[in-house]
Amino acid sequence: MRSVLLACCLFSTASFAGSAYVRVPAGGFSSVLKYEDSKGKQKIVGFELMKNPVTNAQFLAFVRKYPQWQKGKAPKAFAEPTHYLSHWQSALVLGGKVKPQQPVTQVSWFSASAYCEAQGARLPTWNEWEYTAAADRTRHDARKDPAWRESILGWYAKPSNTPIADVGKTPANVYGIQDLHGLIWEWTEDYSAMLVSADNRNQSDPDKSKFCGASALSMADKENYAVMMRVAMLSSLEAVNSTSNLGFRCAKPLP
Amino acid sequence: MGAIMKHLVVPIIIAAALLSLSGCKSEKTDEAAATTAAITDTGGSAAGDFGPPQGEPINAILTSPPLVPPPTGRSTPAKVIVQLEVREVEMEISEGVKYTFWTFGGTVPGSFIRVRQGDTVEFHLKNHPDSKMPHNIDLHAVTGPGGGAASSFTAPGHASQFTFKALNAGLYVYHCATAPVGMHVANGMYGLILVEPPQGMPKVDKEYYVMQGDFYTVGKYREKGVQPFDMQKAIDENPTYVLFNGSEGALLGDNALKLNVGETVRMYVGNGGPNLVSSFHIIGEIFDKVYTEGGSRYQENVQTTLVPAGGSTIIEYKAEVPGTGVIVDHSIFRAFNKGALGMVKTSGPENKAIYSGKEVDSVYLGDKAVSAAPVAAAATATAGGVLTLAQQIKAGEALYNGTCSVCHQSNGDGIPNVFPPLAKSDYLNADKTRAIGIVLNGLNGPVTVNGAKFDSVMPPMSQLNDDEVANIVTFTLNSWGNKGGRVTAADVAQVRKATPRPQGAAH
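Read on for a plain summary of the structure. Note that this is a predicted model, so its numbers are computed, not measured. (Residues numbered from 1 in each chain as written. Chains lettered and ligands numbered in written order. Predicted model: local features only at pLDDT ≥ 70, side-chain atom pairs only at ≥ 80, totals over all residues. Heavy atoms only, no water.)

Below, the discussion takes up the overall build of chain B. When you go through chain B residue by residue, the secondary structure sums to 12 helices and 23 strands. Here chain B holds 507 residues, and the buried ones make up 48% of them. Look at the contacts in chain B between residues 6 or more apart in sequence, and 68% of them connect residues 24 or more apart. As displayed, chain B has an accessible area near 23,000 Å², and 57% of this comes from carbon and sulfur atoms. (Helix = DSSP H or I, 4+ residues; strand = E, 2+ residues; numbered from the N terminus. Buried < 20%, exposed > 50% of the residue type's maximum accessible area, 1.4 Å probe, protein only. Contact = heavy atoms within 4.5 Å. Areas by Shrake-Rupley, 256 points an atom, 1.4 Å probe, with all protein chains shown as cover.)

The structure is reproduced here in structure tokens:
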């Protein structure tokens, strides 16, 4: 409880600075998604990404400053009342079971976007996220390594009925970024365009991703179940939705 | 359609010809036969709409395997509400082996759903807030895109609803169809929905729900602890486990399906896959009827029936004699090395006219005569009074391999839940006199060996003489980590003498 109060006081006066940003240099890579308009490699412009996902303490500081995003006040059209921050004790109290250093979850895409915007940032795009998350401790692209895939699948196989760990406990990848795997799902800016929307980048039938054959059609790397499942998860969501294991981090252009 | 009609017509003509030979009025018979042919076609989906639902909506009764909900008992179409919850749960896949299953209703296979042809089904799919994954459902009973999958894609902590009319009667698989669909199915996300024909299913005494699935774990078969899903094995179609009803013990021991002599039983059998096709068979039983692939027609007198992955079958038979039928996938290594074993225990009076039990059990060595050399050597040594422990063990091994290893296995490990182990066996080591008695007289009823319960029948090995029993028991005591020791023919003779025998028994 004391640490909660401390966090409140620290952040309520200062701007809610949030997590540190880490530079991700420009590069090219192949997404597991099959894009019709860019065969092969995706170009990634250099950007900055938060070292860790946004924590409960950081999000609390945000809703203090922007009361319209407090639990109970956020408009229904932007956050489902039954889920949005439902694990917090009240609008401005985390409560005993919610730790300040855990990543914030039960946040809608709208609220996550608003948080980043208030920081002068934005949510990362899927490509930026996948590009950064393809790394492991020593390599920029570890996706072909069966061990890398297995470790990710191992996390997927665990139900979310145990408390989520604090941020910053997983090893940093080659860029110095942590928690991309093994902690939570994360919103991306263009999540709704990845598979399901009418966006013409990858397909004409908007329902394709939702059943059987779809993943086989729209995934370029069919063996990469580990990444496919993250795509499936994001595809199942509406922007107002939130779940107990879905959080976010922000990105911004290089200074 | 044309082809089907042609097939039907051929036997009719033959029948008519036979009848006319025997002097009946052939024209009339032709007509009657033609009418019969028309009735045997159910009409499919075109004949499956019996109009709007009548009466109050009904909440579907869902059951966990191996139970089946009661017949709908309705003669009119209704609106049926199905509430199915998706849960990701850690459960035992084998003794001491945990696996995270993704389930429809908390069990593998998922809850059994029963509706009537023409019913309007309002389907609610709920994904528990603790789930990590989004899920959906594709019911093969649905006529419509994705079988409902597109309309039921549901994030954790959310619920979806869609409605369909069950136009075709039959037994249908349902499964999760979220990408990667193979992994969702491999984790247990499948079950059965029965769409009863309008007249209902014929009455039987018992109904059961059995569903096969293949599972892929990182650790090998029976490696203890929490076992994660192995994607590569799944892609290679190389399962670690092939199971009925989602765990190795699901239909064994106390969980065996139960019948009484004289009862008729119907089993709704499904195969979730994701990869393997099942050669479904019950050892010691012949299926009187098999509704092939869960459809409307039945084949009769079937030994083994194929159940496709993502398909079903309905079997029916009458339990004629007591005993234990063993349910297997007759691709038989799956049964003995990957767990595809279940049991149907039938109780009731013996009927010796149908099955006698063992009448004669005599030694037949055939080309095993060579391996019997140590036995002969031991016999000679015994006669000369110079039998060594080594000779005895050697002779016991040959006899063991001919007599005991079929059940207890050549490595003495037995078969879990069915045949107790002799290797490192606390039960064997505790009492060698008792061991002699079991070989002589058999064993019927529950025993606990190395902490595991067994409840099977071992017949008396009445064909063995005292020397042979002594050699076998000595061999087992000195093998596979047992404590050692020696049994003599005199020990065996004493036990034999002390045991009261039922009248008519050998010896």
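Along the backbone of chain A there are 7 helices and 7 strands. Reading the helices (α) and strands (β) of chain A from amino to carboxyl end gives α-β-β-β-β-α-α-α-α-β-α-α-β-β. Looking at chain A as shown, the accessible area adds up to about 10,900 Å², and 57% of this sits on carbon and sulfur atoms.

Moving on: the sheet that holds strand 14 (residues 264-273) of chain B. Residue and element names in this part refer to chain B. With mixed pairing, 6 strands are arranged side by side in an open sheet as 12-10-14-19-16-17. Each edge of the sheet is formed by a strand with only one pairing partner; in this case those strands are strand 12 (241-244) and strand 17 (298-302). Mean inter-strand twist for the sheet, computed between neighbouring axes without regard to direction, equals 20°. (Pairing = 2+ DSSP bridges. Axes fitted to C-alpha atoms, helices over the stretch in contact; angles between N-to-C directions.)

All names here are of chain B. When strand 16 (residues 287-291) meets strand 17, the two strands line up antiparallel, connected through 4 bridges. What sits directly across from Val290, in strand 17, is Gln299. Here strand 16 runs beside strand 19 (residues 311-318); their pairing, made up of 3 bridges, is antiparallel. The residue of strand 19 that forms the bridge with Lys289 is Glu316.

Here the focus is the layout of surface pockets. Residue and element names in this part refer to chain B. What the second largest pocket holds in volume is close to 1,100 Å³. Lining of the second largest pocket is provided by 37 residues; of these, Glu95, Pro416, Asn417, Ala452 and Phe454 occupy positions nearest its centre. Elements supplying a minimum of two residues to the lining of the second largest pocket: strand 2 (79-94), strand 21 (341-347), strand 22 (443-449) and strand 23 (452-458). With 4 residues, the single largest contributor to the lining of the second largest pocket is strand 23. Its residues assigned to classes, the lining of the second largest pocket comprises 15 nonpolar, 11 polar and 11 charged. (1 Å grid on protein atoms, 1.4 Å probe; cavity = no way out; pocket = protein on both sides within 12 Å on 5 of 7 lines; lining within 4 Å. Points joined across faces, edges and corners; volume = space filled by probe spheres on them. Nonpolar A, V, L, I, M, F, W, Y, C, P; charged D, E, K, R; others polar.)

Under the defined criterion, the tally for this structure stands at 21 salt bridges over all chains. Its salt-bridge partner being Asp136 of chain A, residue Arg139 of chain A comes within 2.6 Å of it at the nearest N-O pair. Look at the salt bridges and you will find they share partners, linking Arg114, Glu196, Glu207, Arg266 and Glu316 of chain B into a network. (Salt bridge = Lys/Arg side-chain N within 4 Å of Asp/Glu carboxyl O.)

Our focus in this paragraph is a nonpolar patch on the surface. Residue and element names in this part refer to chain B. Side chains of Ile332, Phe333 and Phe336 sit close together on the surface and give an oily, nonpolar patch of about 320 Å² of accessible area. Along the chain, Ile332 falls in the loop between strand 20 (323-329) and helix 5 (333-337). A relative accessible area of 32% means that Ile332 is categorised as partly exposed. (Patch = residues over 30% accessible without salt bridge, like charges linked within 9 Å, V, L, I, M, F, W, Y side chains within 5 Å.)

Here Arg266 of chain B shows up in strand 14. Sequence-distant contacts of Arg266 of chain B, defined by excluding residues within four places in its chain, comprise Met201, Pro202, Val204, Lys206, Glu207, Tyr208, Ile314, Ile315 and Glu316 of chain B.

All names here are of chain B. Where helix 11 (residues 466-477) contacts helix 12 (residues 489-498), the axes come no closer than 8 Å and their chain directions differ by 110°. Judged by the angle between their axes, helix 11 and helix 12 are roughly perpendicular. Pair helix 11 / helix 12 crosses with right-handed handedness. Only Ala489, Val492, Ala493 and Arg496 of helix 12 make contact with helix 11, whose side of the interface consists of Asp466, Asp467, Val469 and Ala470. (Parallel < 35°, antiparallel > 145°, perpendicular 65-115°, else oblique. Left-handed = near helix turned anticlockwise from the far one by under 90°.)

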